[in-house]
Amino acid sequence: MPLTNLTIENTLPSSEGKQIKLFDAGGLYLLIKPTNHRYWRFKYRWAGRERLLALGVYPEISLKMARARRDEARRQLANGQDPSEKRRADKVAARIAAASSFKAIALEWHHTKSGEWAPGHADSVLRTLEMHLFPDLGARPIADIEPMALLDVLKKVEKAGKLDTANRLRERCEAIFRLAIKTGRARYNPAAELVGALKKRISKPRPALSQEQLPAFLVALRDTDGISLVTRGLMRMILVCMTRVGETVRAEWSHIDLAKGLWTIPPENRKLKSTVKPIAQPHLVPLPRQIVEMLEELRYITGQRRYVFAHHHTPGGKHMSESTPNTVLERLGFSGKNTKNGSAVIHGFRATASTILNESGLFSPDAIERQLSHLERNQVRAAYNRASYLEERRAMVQWWANYIEMTTEKGCVIPVDQVRI
């Protein structure tokens, strides 16, 4: 007789420690263990041998569901297919499909690249993948993703007003698909076909002081009361060394060799752009005489703390805020739309230095770019130039420090031919 739900419920496990089999029809039975765990089994013959196929656990799999699974297995047998082998093949296919999903390959790419990136940048890249790509594309086999499907996802980001993010995501997708092609999991790169398909933000140069506006700023920085020695030193360090605000406020005394006049910025403190293959190398910054003297003064104030530009209100060891220099600019009257002195932001100091140095004609553009820590897009050239120009840059920053010193003293624009190293 066919098995019933009532029979199943009323059958108790064996008190003698034996297994009980409740047979249905067509090879289906319920195996009841002495522990009262219950398992569906399908008994069949294949190639002259008796075989068993597990169909699930009762009550998660009901009698009706177990019969449906049995019937599917019997159809496979009728079609000349072993149900057990079919299940194994399906598991292998599912495992391969999972390993070939967009998310799996994207994570594989991220794991490989994150060793070249600063930790904060690696975390940021992963967040953008999780937020914008994985919800729509993550589970899909990467080989099945067509250009229009990818474009639809990127357009959502674009429509949200995140133009830079959308373009960076396309570039990351292009790298992910390249990995899939190299490892035989995709044939072509749909992201490469979408070059130019997304809007790009019109970038505006950051406001910077001109050569004519620089003297008034330097005099104001020197003469304005109420600016601490540490804050004044931070402003001078950024201006003279042409470094970024974030990496400057994070400068530690352990990074600076005053005897050699050299500041080593570790990779984790550097800004690494996602649009260029980042090089996980420290950035060497030669320090001119004036900056070494300034740092020797600061050692009496912050030398016992971790950071060179330590925050004086937080004894716990925090560095100054990245917003401090722009606050100083505003206080000195060099920030804002209505200022008479010219509007600038602290990052614009780098543009001011670059413009004056390039127009002087005294130093090679390559040395200026290396001092600014701009990454070389040509990777062969980047590897060749990685440690280059240090001596030229040392002479250059000394000339630049002398220029700033003379400009501060005289309060006017100094002809470049009057400045000596």
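Residues numbered from 1 in each chain as written. Predicted model: local features only at pLDDT ≥ 70, side-chain atom pairs only at ≥ 80, totals over all residues. Heavy atoms only, no water.

K.L.:
Got a minute to help me understand the sheet that holds strand 5 (residues 256-257) in this structure?
P.N.:
Either a parallel or an antiparallel arrangement is found when strands of a sheet pair, and the pairing is made through backbone hydrogen bonds. Strand order in the open sheet formed by 3 strands is 5-6-7, with antiparallel pairing between adjacent strands. What marks the edges here is a single partner per strand, and that holds for strand 5 and strand 7 (283-286). (Pairing = 2+ DSSP bridges. Helix = DSSP H or I, 4+ residues; strand = E, 2+ residues; numbered from the N terminus.)

K.L.:
Could you clarify how one ought to interpret the nonpolar core in this entry?
P.N.:
Side chains of nonpolar character tend, in soluble globular proteins, to be buried together. Core analysis: the largest hydrophobic core is formed by 57 residues, its most contacted members being F217, M237, L287, L295 and W400. Looking at this core, the elements with two or more residues in it are helix 8 (214-223), helix 9 (229-241), helix 10 (245-249), strand 6 (262-265), helix 11 (289-302), helix 12 (324-332), helix 13 (348-360) and helix 16 (390-410). Leave out the neighbours within four places in its chain, and W400 touches L214, L239, V240, M242, A353, I356 and L357. Among the nonpolar cores identified, the runner-up in size contains 30 residues, and L133, L150, V157 and A175 belong to it. (Core = buried A, V, L, I, M, F, W, Y, C linked by side-chain atoms within 4.5 Å. Buried < 20%, exposed > 50% of the residue type's maximum accessible area, 1.4 Å probe, protein only. Contact = heavy atoms within 4.5 Å.)

K.L.:
In this structure, what is going on with the packing of helix 4 (residues 102-114) against helix 5 (residues 119-137)? I would like to understand it.
P.N.:
For any two helices packed against each other, one specifies the crossing angle of their axes together with the interaxial distance. Two numbers describe how helix 4 lies on helix 5: the axes approach to 11 Å, and their chain directions differ by 170°. It follows from the interaxial angle that helix 4 and helix 5 lie roughly antiparallel. Contacts between helix 4 and helix 5 pair F102, K103, A106, L107, W109, H110 and S114 from the former with A122, V125, L126, L129, L133, F134 and L137 from the latter. (Axes fitted to C-alpha atoms, helices over the stretch in contact; angles between N-to-C directions. Parallel < 35°, antiparallel > 145°, perpendicular 65-115°, else oblique.)

K.L.:
I'm lost on the pairing of strand 3 (residues 38-46) in this one. Help?
P.N.:
For a regular strand, side chains alternate in direction, first toward one face of the sheet and then toward the other. Across 5 bridges, the pairing between strand 2 (residues 28-32) and strand 3 is antiparallel. Paired with Y29 across the two strands is R41, which belongs to strand 3. Adjacent in sequence and paired antiparallel, strand 2 and strand 3 are bridged by 5 residues, among which N36 carries a positive phi angle near 75°. As judged from the 9 bridges shared by strand 3 and strand 4 (residues 49-58), these two strands associate in the antiparallel manner. When the sheet's bridge partners are listed, W40 is paired in strand 4 with G56.

K.L.:
Please clarify how the sheet that holds strand 4 should be interpreted in this entry.
P.N.:
Taken together, the 4 strands give an open sheet; going across it, the order is 1-2-3-4, and neighbouring strands pair in antiparallel fashion. Of all strands in the sheet, those bounded by a partner on one side alone are strand 1 (20-23) and strand 4. Each adjacent strand pair in this sheet contributes to an overall mean axis angle of 30°, direction not counted. This element, helix 2 (residues 63-78), spans strand 2, strand 3 and strand 4 of the sheet and lies at about 15° to strand 3.

K.L.:
Quick question: what am I supposed to make of the side chain of T11 here?
P.N.:
Looking at the element boundaries, T11 is found in the loop between helix 1 (5-10) and strand 1. According to the relative accessible area criterion, T11 is buried, its value standing at 16%. Among the polar contacts listed, one links the side chain of T11 to the backbone oxygen of T7, at a separation of 2.6 Å. When sequence neighbours within four positions are dropped, the list of residues in contact with T11 reads I20, L22, I32 and R38. (Polar contact = N/O pair within 3.5 Å; in protein donor to acceptor, adjacent residues only side chain to side chain.)

K.L.:
So what exactly am I meant to see when it comes to the confidence of the model for the protein chain here?
P.N.:
The predicted coordinates of low-pLDDT regions are not to be read in fine detail. Overall, the predicted model of the protein chain reaches an average pLDDT of 87, with 89% of residues at or above 70. Model confidence for the protein chain, summarised as mean pLDDT per element, is weakest for helix 15 (residues 379-385) at 48 and strongest for strand 5 at 96. The low-confidence segment residues 272-279 (pLDDT under 50) makes 31 contacts with residues lying over four places distant or belonging to another chain. Segment residues 377-384 is flagged for pLDDT under 50; beyond a separation of four residues in sequence, or across chains, it makes 10 contacts in the model. (pLDDT = per-residue confidence, 0-100.)

K.L.:
Whenever I open this one, the pattern of salt bridges confuses me. Can you help?
P.N.:
Side-chain pairs of opposite charge can arise where the charged atoms are in close proximity. The tally for this structure, following the rule as stated, stands at 19 salt bridges. A salt bridge links R178 to E174; the shortest N-O distance between them is 3.8 Å. Of this pair, R178 and E174 are both found in helix 7 (residues 163-182), 4 residues apart, which corresponds to roughly one turn of the helix. Look at the salt bridges and you will find they share partners, linking D24, R67, R70 and D71 into a network. (Salt bridge = Lys/Arg side-chain N within 4 Å of Asp/Glu carboxyl O.)

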